[in-house]
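Structural characterization, general
Here is what each chain is made of, one letter per residue.
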Amino acid sequence: MTTATPADHRIAVLGAGHVGPVIARLAVKAGYPVAIAASGDPDDIALITELLIPGARPRWAADAVADADIVVLAIPLNRFLDVDPGLLRGKLVVDAMNYWPASDGVLPIRGASSEMVARRLEGSDVVKALNHIGYHELEDRARPSGASDRRAAGVAGDDPAAVETIAALVDRIGYDPVRLASLRAGRVLQPGGPVFGAVLTRPEFEQAVADNERSLA
Amino acid sequence: MTYTFGLDTFGDRNAAADGAPLSHAQTIRNVAEEGVFAEQAGVDFFGIGEHHTGYFPMPAGDVVLAAIAARTQTIRLGSAVTVLSSDDPVRVFQRYSTLNALSGGRAEVILGRGSSIESFPLFGYDLADYEELFEEKAALFAELLRGGPVTWDGKTRPPLLNQDVVPHLESGPFPAWIGVGGNPQSVIRAARLGFGLALAIIGGPPARFAAYSQLFRQALEKFGRPPLPVLVHSPGHVAATDEQAKAEFWPRWREIISVMAAERGFAIPTEESFDRETGPDGALYVGSPETVAQKIATNLRALDATRFDLKYGMPGLTHDQLMTAIELYGQQVIPRARELLS
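Residues numbered from 1 in each chain as written. Chains lettered and ligands numbered in written order. Predicted model: local features only at pLDDT ≥ 70, side-chain atom pairs only at ≥ 80, totals over all residues. Heavy atoms only, no water.

1. Structural notes on the overall build of chain B
- Secondary structure summary: chain B contains 11 helices and 12 strands in total.
- Its C-alpha atoms give chain B a radius of gyration of 19 Å, near enough to 20 Å, the size a compact globule of 342 residues would have.
- The buried share of chain B, taken over its 342 residues, is 55%.
- In chain B, of all internal contacts separated by at least 6 residues, the share reaching a separation of at least 24 is 71%.
- With the model as given, the accessible surface of chain B reaches about 13600 Å², and the carbon-plus-sulfur share is 55%.
- Positive and negative charge centroids in chain B, built from 29 and 40 side chains respectively, lie 3 Å apart. (Helix = DSSP H or I, 4+ residues; strand = E, 2+ residues; numbered from the N terminus. Rg over C-alpha atoms; globule rule 2.2 N^0.38 Å. Buried < 20%, exposed > 50% of the residue type's maximum accessible area, 1.4 Å probe, protein only. Contact = heavy atoms within 4.5 Å. Areas by Shrake-Rupley, 256 points an atom, 1.4 Å probe, with all protein chains shown as cover. Lys, Arg positive; Asp, Glu negative; His and termini not counted. Charge placed at Lys NZ, Arg CZ, Asp CG, Glu CD.)

2. Some remarks on the overall build of chain A
- The helix and strand inventory of chain A stands at nine helices and eight strands.
- Along the first, second and third principal axes, the C-alpha atoms of chain A reach 50 × 40 × 35 Å.
- When burial is assessed residue by residue, chain A has 53% of its 217 residues classed as buried.
- For chain A, the share of sequence-separated contacts (at least 6 apart) that also reach a separation of at least 24 residues comes to 62%.
- Accessible surface, chain A: about 9200 Å² in total, of which carbon and sulfur atoms supply 51%.
- When the 22 basic and 28 acidic side-chain charges of chain A are each reduced to a single mean position, those positions are 3 Å apart.

3. Some details on helix 5 (residues 130-146) of chain B
- With 17 residues, helix 5 of chain B extends 24 Å from end C-alpha to end C-alpha; this agrees with the ideal 24 Å at 1.5 Å per step.
- Just downstream of helix 5 of chain B lies B:Gly147, where phi reads positive at about 85°. (Expected span 1.5 Å × (residues − 1).)

4. Details of the interface of chain B and chain A
- Chain B puts 26 residues into the contact, and the matching count from chain A is 25 residues.
- Summing both sides of the interface, chain B and chain A together bury roughly 2000 Å²; the carbon and sulfur share of this comes to 59%.
- Linking chain B with chain A are two salt bridges, by the criterion used here.
- Between B:Arg276 and A:Glu137 there is a salt bridge whose closest N-O contact spans 3.6 Å.
- Counting only elements with at least two residues in the side of chain B that touches chain A, the list comes to helix 6 (184-193) and helix 7 (210-222) of chain B.
- A total of six residues in the side of chain B that touches chain A trace back to one element, the largest contributor, which is helix 7 of chain B. (Buried area = accessible area lost by both parts, 1.4 Å probe. Salt bridge = Lys/Arg side-chain N within 4 Å of Asp/Glu carboxyl O.)

5. Side note on the pattern of salt bridges
- Tallied over the entire structure, the rule returns 34 salt bridges over all chains.
- We note a salt bridge from A:Glu139 to A:Arg25, for which the minimum N-O separation is 2.7 Å. Here A:Arg25 lies in helix 1 (residues 20-29) and A:Glu139 lies in the loop between helix 7 (135-138) and strand 7 (152-157), a separation of 114 residues in the sequence.
- For A:Arg25, a relative accessible area of 23% translates into the label partly exposed.
- If you follow the salt bridges from partner to partner, you end up with B:Arg113, B:Glu131, B:Glu135, B:Arg189 and B:Arg192 in one network.

6. Considering the sheet that holds strand 6 (residues 125-129) of chain A
Residue and element names in this part refer to chain A.
- Spatial strand order, 3-2-1-4-5-6-7-8: eight strands in an open sheet with mixed pairing. The open sheet has two edge strands with one neighbour each: strand 3 (57-58) and strand 8 (176-180).
- Judged from the five bridges that link them, strand 7 and strand 8 form a sheet pairing that is parallel. When the sheet's bridge partners are listed, Ala152 is paired in strand 8 with Asp176.
- Seen against the sheet, helix 6 (residues 113-120) touches strand 4 (70-73), strand 5 (92-95) and strand 6 and runs at an angle of roughly 160° to strand 6.
- Across the face of the sheet, helix 8 (residues 160-173) comes into contact with strand 1 (11-14), strand 4, strand 5, strand 6, strand 7 and strand 8 while running at roughly 160° to strand 7. (Pairing = 2+ DSSP bridges. Axes fitted to C-alpha atoms, helices over the stretch in contact; angles between N-to-C directions.)

7. Examining the nonpolar core
- The biggest cluster of nonpolar side chains holds 139 residues, and the ones touching the most others in it are A:Ile166, B:Phe5, B:Phe46, B:Phe141, B:Ile296 and B:Tyr329.
- Looking at this core, the element that brings in the most residues is helix 11 (residues 319-341) of chain B, giving nine residues.
- Excluding residues within four positions of it along the chain, A:Ile166 makes contact with A:Ile70, A:Leu92, A:Val94, A:Val127, A:Ala129 and A:Val155.
- One finds A:Val83, A:Val93, A:Leu107 and A:Val126 within the second-largest nonpolar core, a separate group that totals 22 residues. (Core = buried A, V, L, I, M, F, W, Y, C linked by side-chain atoms within 4.5 Å.)

8. Thoughts on the side chain of B:Arg307
Residues and elements named next belong to chain B.
- Assignment of secondary structure puts Arg307 in strand 12 (residues 307-312).
- When its relative accessible area of 4% is taken as the criterion, Arg307 is described as buried.
- Among the polar contacts made by the side chain of Arg307, one reaches the side chain of Glu108 at a distance of 2.9 Å.
- Among residues more than four places away in sequence, those in contact with Arg307 are Thr4, Phe45, Glu108, Trp177, Val230, Leu231, Val232 and Leu300. (Polar contact = N/O pair within 3.5 Å; in protein donor to acceptor, adjacent residues only side chain to side chain.)

9. What to know about the packing of helix 6 of chain B against helix 7 of chain B
Residue and element names in this part refer to chain B.
- Running from N to C, helix 6 and helix 7 point in directions that differ by 35°, and their axes come no closer than 8 Å. At the point where helix 6 passes helix 7, the crossing takes the right-handed sense. Contact with helix 6, carried on its side by Pro184, Val187, Ile188, Ala190 and Ala191, involves Tyr212, Leu215, Phe216, Ala219 and Leu220 of helix 7 and no other residues of that element. (Left-handed = near helix turned anticlockwise from the far one by under 90°.)

10. A few points about the side chain of A:Ser182
Residues and elements named next belong to chain A.
- Counting through the fold element by element, Ser182 comes out in the loop between strand 8 and helix 9 (202-216).
- Polar contacts involving the side chain of Ser182 include one to the main-chain amide nitrogen of Ala185, which spans 2.9 Å.
- Discounting chain neighbours no more than four positions away, the residues touching Ser182 are Ala156, Gly157 and Asp158.

11. Some thoughts on the confidence of the model for chain B
- Overall, the prediction assigns chain B a mean pLDDT of 95, with 99% of residues at 70 or greater.
- Predicted as a complex, the structure gets a pTM of 0.93 and an ipTM equal to 0.87. (pLDDT = per-residue confidence, 0-100.)

12. Observations regarding the packing of aromatic side chains
Residues and elements named next belong to chain B.
- Going through the model one piece at a time under the given rule, you end up with 10 aromatic pairs over all chains.
- Note on Phe46 and Tyr312: the rings are 6.2 Å apart at their centroids and 45° apart in plane angle, and the pair reads as tilted. Highlighted residues: Phe46 in strand 2 (residues 45-48) and Tyr312 in strand 12, separated in sequence by 266 residues. A single burial state applies to Phe46 and to Tyr312, both of which are buried.
- Ring geometry for Phe249 against Trp253: centres 5.8 Å apart, planes inclined by 20°, an arrangement best described as stacked. (Phe/Tyr/Trp six-rings, centres within 6.5 Å; stacked < 30°, edge-to-face > 60°.)

13. Concerning the pairing of strand 3 (residues 76-79) of chain B
Residue and element names in this part refer to chain B.
- Taken together, the four bridges between strand 2 and strand 3 define a ladder with parallel strand orientation. In the strand pairing of strand 3, Gly47 is matched with Gly78.
- Running through helix 2 (residues 61-70), the crossover from strand 2 to the neighbouring parallel element strand 3 is right-handed. (Right-handed = clockwise from strand over helix to strand, strands pointing away.)

As structure tokens, then:
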């Protein structure tokens, strides 16, 4: 069992659009040290950070990542291709992105989009999480552990220790983590998958994943 | 505090009483009737949003607004929204300054980056560029609105060198807003370029947008700009009772959102989610005049906003249902909301 506290895991959120500030705010509330970065000068997002994410620190992406243990990717997937994989080497990377062919264009994706992310980031541990609940719901539906109306959120990855760390993060920000054994299995979390966009309890979530497996078998 | 109240439509394709869809042409003629009737009912603003689909056959709303302008005297008329990223800011300015001329200074425009995306492939734009397209074009539009010759150079259209763009504005810039769906960087942009902030709230608790209007005010201050207004745009439907409004709206909402959900991957609405959205903490203004007025007043206060635009209608509703909704909105919802806010 891990005894790590949130303070042991410094988080860098890359992306200050719809999704990034919501994840950053939830992580600050859960006790994590949080830095947030957009594509440019941190001054450009200083006001956003001060008002929407009090407690987080706006930084240049490279600086935020260098000091972080966990890096959350909350940028359009087509912009991910501009991120230098070397920057993320050795980091635990949360892929909160989704593949939208209409806006991302055709990307070289076979299997799960997170597998493409992981192939590009071969020096990092990649975990798929926080992508399947809409950004405007992510905060409203968060509940403390044990609440009767608490919902589930999926955590998928190939490295069990990395999955465990992110499951703890998901738990602390307000969701029952449902662990999926591989990035490939994380396909159920993608657009078109059985839990995408749905805000389900843990039994409903597990049922939806099981039904999906049966229908594919 | 002066509050204004508008109605927006996306040219939602009407149905006949038996549910059969009306033609695009008849729907467009009906929208013109609805705009004229909105003025008679006491509505302050009538907006038409650009769309390019069979459910929303409304790519040239400015033409319809011109027809409404010719038959009205006081109602303000504008886009809600113009997808500026896939348009030419010079052409948008020309169309709306023409509308402004025709209507005696009643034109407005709400500029959108592109939450509705059909126009990108249609006009040969790459959706992946929508941020760059919008940033550049919104900045050029702000220049054009100032009046006088424009010199401009960028990547998204040919340069302009001391270009006189006509028709000239008769009495200064017309009101222009940027539509924002939840990206805080878009809020900052509206403040930086000097546009009003139009918050499109279509799901979840509206109160969470209060931070955006605070962000907007502080950003205006930071950029040394005078205060600019905040408007709230949300979907809804008004009928005599809550039950009737919900019964008319729900099947149409379910159908449209289900189609969008399949295309864009969000959740298919359930009766539970619909009840939540039509309840006091949701984003849909569906109900009796009293219910809708209460919700408008509460949220304008919570969001420190001075204008509310109800996006009325939904594909599959009848023209008669829409005319009733407009009448109730103008004659009952607006006066009641004003009373609650005073």
